[in-house]
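Architecture and fold: a report
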Number of protein chains: 2
Amino acid sequence: MTGQFVQPSFDLTSWSGERLERVERALSGWVVADAPAGLGEAMRYAVLDGGKRLRPLLVLAASEAVQGNAEAALRAACAVELIHAYSLVHDDMPCMDNDVLRRGKPTVHVKFGQAQALLAGDALQALAFELLAPPDRAIPDSVQAALCRMLARAAGHAGMAGGQAIDLANVGQVLTEAQLREMHSRKTGALLLGSVMMGAACGQPQGRALAALEAYGRALGLAFQVVDDILDVTADSVTLGKTAGKDADQNKPTYVSVLGLDRSRAYARELLAEALQALASSDLADTRALRALATMVVDRDN
Amino acid sequence: MTGQFVQPSFDLTSWSGERLERVERALSGWVVADAPAGLGEAMRYAVLDGGKRLRPLLVLAASEAVQGNAEAALRAACAVELIHAYSLVHDDMPCMDNDVLRRGKPTVHVKFGQAQALLAGDALQALAFELLAPPDRAIPDSVQAALCRMLARAAGHAGMAGGQAIDLANVGQVLTEAQLREMHSRKTGALLLGSVMMGAACGQPQGRALAALEAYGRALGLAFQVVDDILDVTADSVTLGKTAGKDADQNKPTYVSVLGLDRSRAYARELLAEALQALASSDLADTRALRALATMVVDRDN
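In short, a report on the structure. (Residues numbered from 1 in each chain as written. Chains lettered and ligands numbered in written order. Predicted model: local features only at pLDDT ≥ 70, side-chain atom pairs only at ≥ 80, totals over all residues. Heavy atoms only, no water.)

If you want to describe how two helices pack, look at the angle between their axes and the distance between the axes. Residues and elements named next belong to chain B. Taken N-terminus to C-terminus, the directions of helix H3 (residues 54-65) and helix H15 (residues 288-299) make an angle of 155 degrees; their axes are 9 Å apart at the nearest point. The angle between H3 and H15 falls in the class roughly antiparallel. In the crossing of H3 with H15, the sense of the turn from one axis to the other is left-handed. For the pair formed by H3 and H15, the contact residues are Leu54, Leu57, Leu58, Ala61, Ala62 and Ala65 on the first element and Ala289, Leu290, Leu293, Met296 and Val297 on the second. Looking at the contact of H3 with H15, its residues break down into eleven nonpolar, no polar and no charged. (Axes fitted to C-alpha atoms, helices over the stretch in contact; angles between N-to-C directions. Helix = DSSP H or I, 4+ residues; strand = E, 2+ residues; numbered from the N terminus. Parallel < 35°, antiparallel > 145°, perpendicular 65-115°, else oblique. Left-handed = near helix turned anticlockwise from the far one by under 90°. Contact = heavy atoms within 4.5 Å. Nonpolar A, V, L, I, M, F, W, Y, C, P; charged D, E, K, R; others polar.)

As C-alpha cells, this is what we get:
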C-alpha cells in the first residue's frame, strides 16, 4: 500500500437515477401546465418524458465536483435542458430540418401545429432564464447573474444558434475537419461545455480546477457530436428514437463523411481519453460521475 | 407665489433624440455583424434602422425618474428592444401572421428565408439576456439578476409568448372586453409594463413610487394596444409602415370590433388620464418624460 486513496467503485445508473428523478420532478413543476391557450401543453410535450438528460447530468456532476449550491445546480440543470428542448422544437420545423419523429414521438409542430411549436420554443427559452433568476434568496445574486450570462452565450449567436446558422449554410458543402469542428463546437459543443461550466459556477472552483473542467467540457462536447455522426449511419431509427441516416439524406457534412467511419471511431476514443486526462490532472475531489458520463457519451448506442 | 416648484417646459423630441442616439449606437455595437453564416446580418436587419423605440424610451424615462444606474438602463433599454424585435420576426413568419411588410421594408423571412428568420429571432432573444448580465462590475449583480428575472417573465408564457398563444387561439372568436384585456395585457402589455419596471429596477424606488410606476405601466400598455387597434382601421399602410386593416382581414378580435371606434377612442383617453394620475400622485421627482411618452402613445398616428 502506498497510502494512495482508492475510490470505491462507481455506479452511474444509480447515481443518474437519483438525479434524474429530481430533474424530472423539477421540470414537471416548472414547465407550467397552465400557460394559456394550449401553450403549456406544447411546452410540456417538448420537455417531459424524453431525452437522455445528458446536459442536466453534466451540470449536476460538475456542481458536485466543486461542492456547488445544490438549488442553483438543479435550476441550471433544468435551464440547459429547456434550451436544448426548445432548439429541438425549432430545429424540427418544416423550414429547418422538417422532421416528424423525435424521441420516438411525433414532433411538436406535427402534434400542435407550426405556430404553437414556434411559440412553445420561444417560451421555453424565456423560461430557461426565468429559472436561473428566482426571486428568493437561496441563490446568491452573483451566481444568478453568472448563470444567465453563461447560458445566454452558450445559446446565442456565438454558440448554439450560430452553429445552426453555419449548419444551415453548409448543406451540400464539402467542409474541412477544421470547419466541421468550428460548426459543431458552436452547434452542440457550446451548450455541453456550458452545462459543465454552469455546474462549476454553482461552486467556487479555483483556476486549475476550472481549466480542467473547461478542457473536459470541450473534449466531451466534440466527442458527443462525433458519436452522433457515427450513430446516424450505424443505428436504426427505432434505436435512435429519431430518423436515422438523416444527415446523409440531407447531404450534410459529418465526421463520417469527412473522416470515414473507422477514423471517426478512433477520434471519439481519443477525445474521451483527452476528457479523462483533463480530470485526472485536476485537483477536483471526486470526478467519478464526470468520468462515467464521458465514457457513456462515447459508448452509447442512441 | 406659493413657493411651489414650477417645472420648466419639456421638449419630448429633444429628450428622445438624445436618448435614441445612445440606444441606436448601443444596439449597433451589440447586435453583432460577425455572427456566422449571415445570422448577424439577419439579426441587424431585424433590429436596426426601424421602429419607434418606445420600449427603450420607457426604460430610460423610468430609470431617470428613479435616478437609476445609467449603464444598466441602457442595457435594459436595448434588451427589451431585442425581445420586441425577435417577437416581430417570428410573428411575421408564414406559420404565424404571414406578413411581408414591416416598418416599410420586407420582413426578415422574406429577405433572408424562414430558417434564418427563425434562428435570428432565437439568437436575438438570447442576446437580450446576454446584454443584461455583462461580465464587468459596472452593474451590481443584484440588478443584473433582477433585470433577467423581469425580462424573462415579461417575454415568456406568463407574458408576451402566452399572449400570442391566446391571440392565435382566438382568430375568428368573439371575445368579451375582459378576455380581450387579458390577451393584450400579456401580448403587448407585459413587455411595455416590463420596460417601465426594468427602468425602475435600475434604481431603488420606494414602495409608493414603485406602485405608481406599475399603475402607469399597466395603463400605458393597455392604451398602446387600444390605439394600435384604432390605427389598424383608420390609418393606411404607408403611414403605419405595416399592413393596415390586417386584424379585420384576419378576423381577429380587437378593441374596435368589441367596443366600436368611438368608445375605443374614449377608452384610450381614459387610460391616458389614469397613467398621468398615477404619476401625479407619486413622489417621483421628475416624471415629465414618462408623461410625455404616455401622451405620445395615445396621440400617435403610426
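A word on unusual backbone geometry. Of all residues except glycine, most have a negative phi; of all peptide bonds, most are trans. Despite not being glycine, Arg53 of chain A shows a phi value in the positive range, around 60 degrees. For Asn98 of chain A, which is not glycine, the phi dihedral falls at a positive 50 degrees.

In this section: the packing of aromatic side chains. In the structure shown here, the tally under the stated rule is seven aromatic pairs over all chains. On the basis of an interplanar angle of 50 degrees and a centroid distance of 5.9 Å, the ring pair of Tyr255 of chain A and Tyr267 of chain A is categorised as tilted. With Tyr255 of chain A in helix H14 (residues 255-259) and Tyr267 of chain A in helix H15 (residues 261-280), this pair connects stretches of sequence that are twelve residues apart. With respect to burial, Tyr255 of chain A and Tyr267 of chain A carry one shared label: buried. Cation over ring: Arg55 of chain A sits above Phe224 of chain A, and NZ or CZ is 5.5 Å from the ring centre. Seen from the ring of Phe224 of chain B, Arg300 of chain B lies directly overhead, with NZ or CZ sitting 4.1 Å from the centre. (Phe/Tyr/Trp six-rings, centres within 6.5 Å; stacked < 30°, edge-to-face > 60°. Buried < 20%, exposed > 50% of the residue type's maximum accessible area, 1.4 Å probe, protein only. Lys NZ or Arg CZ within 6 Å of the ring centre and 35° of its normal.)

All names here are of chain B. For Ala33, the position within the fold is in the loop between helix H1 (12-30) and helix H2 (39-47). Take Ala33: its relative accessible area is 56%, and that puts it in the exposed class. Sequence separation of Ala33 and Ile230 is 197 residues, and the distance between their C-alpha atoms is 37 Å. Not counting residues within four places of it along the chain, the set of residues in contact with Ala33 comprises Gly40 and Arg44.

All names here are of chain B. Taking 1.5 Å per residue as the helical rise, H3 with its twelve residues ought to reach 16 Å, and the 16 Å between its terminal C-alpha atoms agrees with that figure. In terms of burial, H3 is a largely internal element, eleven of the twelve residues being buried. Along H3, the positions that sit buried rather than exposed are Leu54, Arg55, Pro56, Leu57, Leu58, Val59, Leu60, Ala61, Ala62, Ser63 and Ala65. Check the buried side of H3 and you find it contacts H1, helix H4 (70-91), helix H9 (177-201), helix H10 (207-234) and H15. Of the residues flanking the end of H3, it is Gln67, one or two places downstream, whose phi is positive at about 50 degrees. (Expected span 1.5 Å × (residues − 1).)

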